[in-house]
Amino acid sequence: MRRLIALLLPLALFVAGCGSSPASSDPTPSNAGEVAAFDQLKVTPGDAAPTVDFPKPLSVKAETIKMLQAGTGDAAKAGQTVEIGYVALNGADGSVLEDTFSKGTSEKVELSDQLKQGSSVVYNGFVGAKVGSYLAYAAPAQAPAASASASPSPSPEAAASTLLVIKIISVKDTPQPLSKPEGDTVTNLPAGLPKVTVDDKGVPQIDVKGAAKPTDVVAQDLITGHGAAVKATDSVVANYVGVNLSDGTKFDSSFDRGQPATFSLQGVIPGWTKGLTGKTVGSRVLLVIPAAQAYGDQGQGQAKGDLVFVVDILGVK
């Protein structure tokens, strides 16, 4: 349930784009959609989650956002990253679906061109909002799948929207990812690892001849970066190449696509989460991953059995 907000907001909020809009000198947040639906919504800040009261059921037919209470801190500008807390409520009965406040967690939203193109409603509602502000957001409920026994008229619960009450916790300039690994080259590598070289374009080449079969995830720095340590809950900006340990067949490479990938460590194979957690930005990391912590014995596509990756950690989100 932790990533519920990513499913509710109709765009990839937590995947940063490479380009951001220029900062406005005096941004102003904009309400949009069926804001009258929030006229009787009341929010009372608390020590943990705010108390939220609203007439039920809540249903909107258009993506809707409204400033409920303006904060007094710094205003969020285009291109910055906003840290938010939120409570997600069932619009039919007000029951809590997810609550970051009580769990002591938060999410980060980059006010990028990607967000602006995906949802101008959300983008314009956040840009200009001050730290401490509370906003309400809802989108039309998804229609239930049709069936022979389906009622001609949807019930109020089926038509209800999910309500997000969002607090702006902080705003910061968005750090830009590195273009390549930066740090200290590691020498005297352990025996039995695949050998890694680079071609004339700086792309890692992996030779698996003589490499030992792993019994657990091996995560060996080839270059140790000096940046922030990666947390298991982070999204990572990285270049990488992956091959099968059995025969060296390459099955994936962001280098071949010409741009880094951005992904949540909560949404990748276990070997990546385990191997990259604690590594630092700027590092080049060799991962040797047993099949059980990759795609299993059956594999996925051309990725089969034990896998080898070289990952350049260029940034975290």
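Data block above holds the structure.
As the structure is a prediction and not an experimental result, all values here were calculated from the model.

### Remarks on the overall build of the protein
Moving on, step 1. Per the secondary structure count, the protein includes seven helices and 17 strands.
Moving on, step 2. Here the protein holds 317 residues, and 44% of them are scored as buried.
Moving on, step 3. The contacts of the protein with a sequence gap of at least 6 include a subset with a gap of at least 24, amounting to 78%.

### Remarks on the pairing of strand 13 (residues 235–244)
Moving on, step 1. With 10 of 10 residues buried, strand 13 lies mostly within the body of the structure.
Moving on, step 2. Side chains Ser235, Val237, Asn239, Val241 and Val243 of strand 13 all project onto a buried face; the interleaved residues Val236, Ala238, Tyr240, Gly242 and Asn244 project onto the opposite face, where all are buried too.
Moving on, step 3. Bridge count between strand 13 and strand 15 (residues 261–264): four bridges; the pairing is antiparallel. Considered in strand 15, the bridge of alanine 238 is made with alanine 261.
Moving on, step 4. In this structure, strand 13 lies alongside strand 14 (residues 250–253), joined through three bridges in antiparallel fashion. The residue bridging valine 241 from the neighbouring strand is serine 253, located in strand 14.
Moving on, step 5. Connecting the antiparallel pair strand 13 and strand 14 is a turn made up of five residues, with glycine 248 showing a positive phi of about 80°.

### A few points about the pairing of strand 11 (residues 204–207)
Moving on, step 1. What you see with strand 11 is a clean split: Pro204 and Ile206 sit on the buried side and Gln205 and Asp207 on the side with no burial.
Moving on, step 2. Examined bridge by bridge, strand 10 (residues 195–198) and strand 11 share four bridges and lie antiparallel to one another. Residue pairing in the sheet places threonine 197 in a bridge with glutamine 205 of strand 11.
Moving on, step 3. From the end of strand 10 to the start of strand 11, which pair antiparallel, there are five residues, and glycine 202 there has a positive phi angle of about 85°.

### As for the packing of aromatic side chains
Moving on, step 1. Within this structure, the stated rule accounts for four aromatic pairs.
Moving on, step 2. Centre to centre, the rings of phenylalanine 263 and tryptophan 272 are 5.1 Å apart; their planes meet at 75°, and the pair counts as edge-to-face.
Moving on, step 3. On the accessibility criterion, phenylalanine 263 (14% relative accessible area) is buried.
Moving on, step 4. Residue tryptophan 272 is classed as buried on the basis of its relative accessible area of 6%.
Moving on, step 5. A connected cluster of aromatic rings, assembled from ring pairs, spans Tyr240, Phe251, Phe263, Trp272 and Phe309.
Moving on, step 6. If you follow lysine 56 out to its NZ or CZ, it ends over the ring of phenylalanine 54, 4.5 Å from the centre.

### Some points on the nonpolar core
Moving on, step 1. In this structure, Val82, Ile84, Leu111, Phe126, Tyr137, Ile166 and Ile168 are the most contacted members of the largest nonpolar core, which totals 24 residues.
Moving on, step 2. Of all hydrophobic cores here, the second largest spans 22 residues; its members include Val230, Trp272, Leu287 and Ile289.

Rules and cut-offs
- Residues numbered from 1 in each chain as written.
- Predicted model: local features only at pLDDT ≥ 70, side-chain atom pairs only at ≥ 80, totals over all residues.
- Heavy atoms only, no water.
- Helix = DSSP H or I, 4+ residues; strand = E, 2+ residues; numbered from the N terminus.
- Buried < 20%, exposed > 50% of the residue type's maximum accessible area, 1.4 Å probe, protein only.
- Contact = heavy atoms within 4.5 Å.
- Pairing = 2+ DSSP bridges.
- Phe/Tyr/Trp six-rings, centres within 6.5 Å; stacked < 30°, edge-to-face > 60°.
- Lys NZ or Arg CZ within 6 Å of the ring centre and 35° of its normal.
- Core = buried A, V, L, I, M, F, W, Y, C linked by side-chain atoms within 4.5 Å.

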